[in-house]
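The chain contents come next:
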Amino acid sequence: MQMHSLSFDVSHTLAGGLVLISFMMLYQDRLYSLLNVFALHALVLALSVAWQAYVQNAPHLYITAAIALVFKATVIPVALHRIVKQLGIHRDIESAVGIGPTMLAGMALVALSMVLMLRVTAEADPLAREDLAFALSVVLLGLLVMVTRRNAVSQVVGFMSLENGLVLAATGAKGMPLVVEISVAFSILIAFIVIGIFLFRIRERFDSVDVSALDDYRGERR
Amino acid sequence: MNIHSFDPVAAVLLIPIGAAALLAILPGYRLTARLNVVASLATFLSALSLFVIERPQPGPYVLIDDLNIVFIVLNTFVGFTTSIFSASYIAHELETGRLTPAYLRFYHAMYQTMMFGMNLAFVSNNIGLMWVAVEIATLTTVLMVGIYRTHAALEAAWKYFILGSVGIAFALFGTILVYMAARPVVGEGQDAMIWTLLVEHAAHFDPALLNVAFVFLFLGYGTKVGLAPLHAWLPDAHAEGPTPISAVLSGLLLNVALYALLRFKILLAVSPNAIAPGPLMVTMGLVSLVFAAFMLYRRRDIKRLFAYSSIEHMGIIVFAFGMGGPLANFAGLLHMVMHSLTKSAIFYAVGHISQVKGTQRINRIRGLTVTHPALGWGLVVGVVAIAGLPPLGIFMSEFLVVSSTFARQPLLAIVLVLGLLLAFGALMLRLTSVAFGSPRGSTAPVEASYVPMFAHLSLVLVAGIYLPTPVVIWFQHVATLLG
């Protein structure tokens, strides 16, 4: 019982930490700092997954943790750093909404996911239900980052933090087969596709990676 | 002996993936285009053999039942005819230099990978595997939409990627929730993701958790179905990619997501205390239908026009399945098949038209029936079919949807009919200007492959006049499965 409560506390802290870091993303107004916060996000995710692997005695989850650590916390932020540098867009992020309203919206989303998930999962075991509530918060905050940013790089970062929330949910669901590894593999694939193809193509064709600049080319607005 | 060692399920998966690997390596347009057609034909024939061969027992990964055979056969058939259309379409793109040989290899490999992803989604008995398969199919289409690398194509691909990823993320969250709901009943591990086991035990799942799961799955896969207001990616992706891709997007990929939704709808129907998914589907279906019908009036791009028409029809189909019951399900199933055949036929025509005219702008295309009679009349028949005029197949399925709705919910039926009439008006308005009148634009002859287009249209015509009894029985059976 004592061990159980320790394992509960640690995973609770780590998952709560992820939500906090998601909040930190909301008010970063520079790309470099946003990338740093994302690296931190991925690092905490790796810790959380590793802890779950230890607690659930599920060694395959260590692979997921390692992938989060190596790719999401290291390789992708570094690569995005270089892209940002090459493109010369390390100025301010143009966020579509101000920081104040964004933070308020973020709080509302977290409250929503807490109310929803805690009420719905009343019968599930407490670890899983709090994990799910936190995971949904991270997913929704990631969505909020994507919505409030216009810049392609920060949208990708928002998407990856959303994906982190999914990994958190999947690892919290005890004994979930197959999907953990595959979903992580896919998140990497997505990140690669985005970085490799889209950003380079966009840079090739446009002088900025501001997605709002793309809107001008809609067929309907001619 | 030979028959027994042949496994059609493995064939519909392995042929596309093998072909994709080959097509990625082989050079030369003629060879690869033919190989693409041959591989698609082989896949289609293997899918057909599912009808005659003894079905495998539902395993942890693979399930073959009456429902997904319909989807697989339709999928591989349209995949096959589109590969024929694609061969002549791509030849023109190579001549005009819009595609280079390197991109062509990529295109063909992605085409087969997409077929693999879609077939895998249909045969999978594991909801995790199904999610992965839908994701594969989506990612390959994202890459193909952006293949021209123009401003507009990149924007479309980017939008499709972002919205599609958010949708797919929601679907994964929903899948995880289903697993959480199933775990206490079915047991930990693999078993709690196997659809057949889930259906057996769904009555004992926590209904509240299942409800939330379905909302996420509905939003997630609904984005891919193109339901309004989650449809924003769809018109752009249709308009800016190569036309064969528009045809498979409309005709097939939307069906894949719809199929995933139907599987989860069956799951919810088994659980007595869970919400009925019907009202949700009915509402979104009607909203999509009416919204798309209004949007049809303002289109200036011919491929966008038919993309909105796809949203409209997916709305009708989701509405019909949401109404439920044997008759409405039957109508929804029939409408789905008819829509896939008709819409891909229209895109075959539109593809050649936009190539010969060098534009997709509706006001620069006129008098097609005079300059290109075969293409023009093909388009006329296609649009007449899609608008829901008798005697073509869509008239019959729409009539069934409307009449079954009138019998049960007259108020909803009025909205439905209103949407249908609005869409009808818009399509007729555009059709008269495009097909008739004094010709405008290039009148150069076109090297088109008419076979796929007319094959589809004649199937739709035959289905509208006489639906063979075995097909009717099969669909009726599937309709009862859908609950």
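Participant: Break down the overall build of chain B for me, with residues and values.
Facilitator: In terms of regular secondary structure, chain B is built from 20 helices and 0 strands. For 483 residues, the compact-globule estimate of 2.2 N^0.38 gives 23 Å, and the C-alpha radius of gyration of chain B, at 21 Å, lies within 12% of that figure. Here the C-alpha coordinates of chain B stretch approximately 65 × 55 × 45 Å along the principal axes. Per-residue burial for chain B yields a buried fraction of 60% across its 483 residues. A fraction of 81% describes how many contacts in chain B between residues 6 or more apart in sequence connect residues 24 or more apart.

Participant: With reference to specific residues and values, describe the overall build of chain A.
Facilitator: When you go through chain A residue by residue, the secondary structure sums to 8 helices and 0 strands. Helices (α) and strands (β) of chain A occur, in sequence order from the N terminus, as α-α-α-α-α-α-α-α. The contacts of chain A with a sequence gap of at least 6 include a subset with a gap of at least 24, amounting to 72%.

Participant: Account for the confidence of the model for chain A, naming residues and giving values.
Facilitator: Residue and element names in this part refer to chain A. Considering every residue of chain A, the mean pLDDT works out to 77; 74% of them sit at 70 or more. Taken as a whole, residues 203-209 scores under 50 in pLDDT and shows 15 contacts with residues more than four places along the chain or in a different chain. Across residues 216-222, where pLDDT falls below 50, the model places 8 contacts with residues more than four positions away in sequence or in other chains.

Participant: How would you explain helix H2 (residues 31-56) of chain A if you had to name every residue and give the values?
Facilitator: Compared with the 38 Å implied by 1.5 Å per residue over 26 residues, the 37 Å span of H2(A) between its first and last C-alpha is a close match. Directly after H2(A), the chain includes A:Asn57, whose backbone phi takes a positive value near 55°.

Participant: Give me helix H2 (residues 8-25) of chain B: which residues, what numbers.
Facilitator: Residues and elements named next belong to chain B. With 18 residues, H2 should cover 26 Å at 1.5 Å per step; its first-to-last C-alpha distance of 26 Å lies within 8% of that length. Considering bend angle alone, the principal kink of H2 is centred on Leu 14 and spans about 25°; proline Pro 16 follows within four residues of it. Residues Pro 8, Val 9, Val 12, Leu 13, Ile 15, Pro 16, Ala 19, Ala 20 and Leu 23 constitute the buried set of H2. On the buried face of H2, the contacting elements are helix H3 (29-49), helix H4 (66-95) and helix H5 (101-123).

Participant: Account for the packing of helix H11 (residues 243-270) of chain B against helix H13 (residues 302-323) of chain B, naming residues and giving values.
Facilitator: Residue and element names in this part refer to chain B. Where H11 contacts H13, the two axes come as close as 11 Å, and the packing angle between them is 20°. Judged by the inter-axis angle, H11 sits roughly parallel to H13. The chirality of how H11 crosses H13 is right-handed. Touching Ser 246, Ser 250, Leu 254, Leu 258, Leu 262 and Lys 265 of H11 are Lys 303, Ser 310, Met 314, Ile 317 and Phe 321, all from H13. Per-class residue counts for the contact of H11 with H13 are 6 nonpolar, 3 polar and 2 charged.

What counts and what doesn't
- Residues numbered from 1 in each chain as written.
- Chains lettered and ligands numbered in written order.
- Predicted model: local features only at pLDDT ≥ 70, side-chain atom pairs only at ≥ 80, totals over all residues.
- Helix = DSSP H or I, 4+ residues; strand = E, 2+ residues; numbered from the N terminus.
- Rg over C-alpha atoms; globule rule 2.2 N^0.38 Å.
- Buried ≥ 20, exposed ≤ 12 C-beta atoms within 10 Å, placed from the backbone.
- Contact = placed C-beta atoms within 7 Å.
- pLDDT = per-residue confidence, 0-100.
- Expected span 1.5 Å × (residues − 1).
- Bend = angle between axes of the 7 residues up to and from the residue.
- Axes fitted to C-alpha atoms, helices over the stretch in contact; angles between N-to-C directions.
- Parallel < 35°, antiparallel > 145°, perpendicular 65-115°, else oblique.
- Left-handed = near helix turned anticlockwise from the far one by under 90°.
- Nonpolar A, V, L, I, M, F, W, Y, C, P; charged D, E, K, R; others polar.

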